Amino acid sequence: QVRLVESGGGLVQPGGSLRLSCAASGSMVTITAMDWYRQAPGKERELVASISSNGQTNYEDSVKGRFTISRDWPKNAVYLQMNSLEPADTAVYYCHQRWKRRDFWGRGAEVTVSS
């Protein structure tokens with residue numbers, strides 16, 4: 001069974017940085033694409049960043065140049081480095097993986113950007 005566990009969320013002031021981590025077990029982060037989604041209060045869940053099996057990355061327009069997705073195969077983990085955070089980035093961030101034709105989600109990491 002695949003298990004994804006996010007960590008690293010918290011409260012940060014505008015302009016600050018956070019690094020989210022997603023530890024995977026029961027799967028391998030280098031074989032499939034790995035994604036970070038977020039869901040803000042009252043809004044639908046949206047795709048923020050993806051890294052493909054060959055390392056290609058894609059970002060939602062509003063986070064380009066500020067967020068960086070990466071992975072660590074020995075640790076079987078995926079990261080989301082978030083810089084220059086804005087109040088609009090406030091959301092619960094979820095790690096996602098499609099493994100053997102099934103979608104797996106973590107429980108989420110809450111990020112609040114506020115002064």
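See the structure shown above.
Predicted model only: the values in this text are computed from it and were never measured. Every residue gets a number counted from 1 within its own chain, in the order that chain's sequence is written. Selection of residues for local features in this predicted model requires a pLDDT of at least 70, selection of side-chain atom pairs for listing and counting requires 80 or more, and totals for whole chains, interfaces and linings are taken over all residues. Calculated side-chain values reflect all of the structure's heavy atoms, with hydrogen atoms and water omitted.

Draft legend 1. Focus on the pattern of salt bridges. Salt bridges are counted wherever a side-chain nitrogen of Lys or Arg sits within 4 Å of a carboxyl oxygen of Asp or Glu. In this structure the tally under the stated criterion is seven salt bridges. For the salt bridge of Lys-64 with Asp-61, the shortest nitrogen-to-oxygen distance reads 3.0 Å. Classification of Asp-61 by relative accessible area gives exposed; the value is 59%. Glu-86 is the salt-bridge partner of Arg-66, the closest N and O atoms lying 3.9 Å from each other. Residue Arg-66 is located in the loop between β6 (57–59) and β7 (67–72), and its partner Glu-86 is located in the loop between β8 (77–82) and β9 (91–99); the two are separated by 20 residues in the primary sequence. Only protein chains enter the accessibility calculation, which uses a 1.4 Å probe. A residue is then buried if its area is under 20% of the maximum for its type, exposed if over 50%, and partly exposed in between. By definition, any uninterrupted DSSP run of H or I lasting at least four residues is a helix, any uninterrupted run of E lasting at least two residues is a strand, and each is numbered from the N terminus.

Draft legend 2. Seen up close, the packing of aromatic side chains. Only the six-membered ring of Trp is used, alongside the rings of Phe and Tyr, when aromatic pairs are assigned; centres must lie within 6.5 Å, and planes under 30 degrees apart are stacked while those over 60 apart are edge-to-face, with the rest tilted. Under the criterion given, the structure shown has one aromatic pair. Measuring from centroid to centroid gives 4.9 Å for Tyr-37 and Trp-105, while their planes differ by 65°, and the two rings are edge-to-face. Of this pair, Tyr-37 sits in strand β4 (residues 34–39) while Trp-105 sits in strand β10 (residues 102–105), placing them 68 residues apart in sequence. Over the face of the ring belonging to Trp-105 we find Arg-45, whose NZ or CZ atom lies 4.6 Å from the ring centre. The criterion for a charge sitting over a ring is simple: Lys NZ or Arg CZ within 6 Å of the ring centre, and within 35 degrees of the ring normal.

Draft legend 3. Here's a closer look at unusual backbone geometry. The backbone phi angle of Asn-76 is positive, close to 50°, even though this residue is not glycine. Structurally, Asn-76 can be placed in the loop between β7 and β8.

Draft legend 4. Local environment of the sheet that holds strand β1 (residues 3–7). Paired strands, in this sense, are two strands between which DSSP finds at least two bridges. Spatial strand order, β1-β3-β8-β7: four strands in an open sheet with antiparallel pairing. Each having just a single partner strand, β1 and β7 make up the two edges of the open sheet. Mean inter-strand twist for the sheet, computed between neighbouring axes without regard to direction, equals 15°. With five bridges connecting them, β1 and strand β3 (residues 18–25) associate as antiparallel partners. Each residue of the ladder has a partner; that of Val-5, found in β3, is Ala-23. Helix axes use the C-alpha atoms of the stretch in contact, all axes being lines fitted to C-alpha atoms, and the angles between their N-to-C directions lie in the range 0 to 180 degrees.

Draft legend 5. Up close: the pairing of β8. Burial analysis of β8 places five of its six residues in the buried class, which makes it a mostly covered element. Pairing of β3 with β8 involves six bridges; the strand directions are antiparallel. Residue pairing in the sheet places Cys-22 in a bridge with Val-78 of β8. One ladder, built from six bridges, connects β7 with β8; its direction is antiparallel. From the neighbouring strand, Arg-71 faces β8, where its bridge partner is Val-78.

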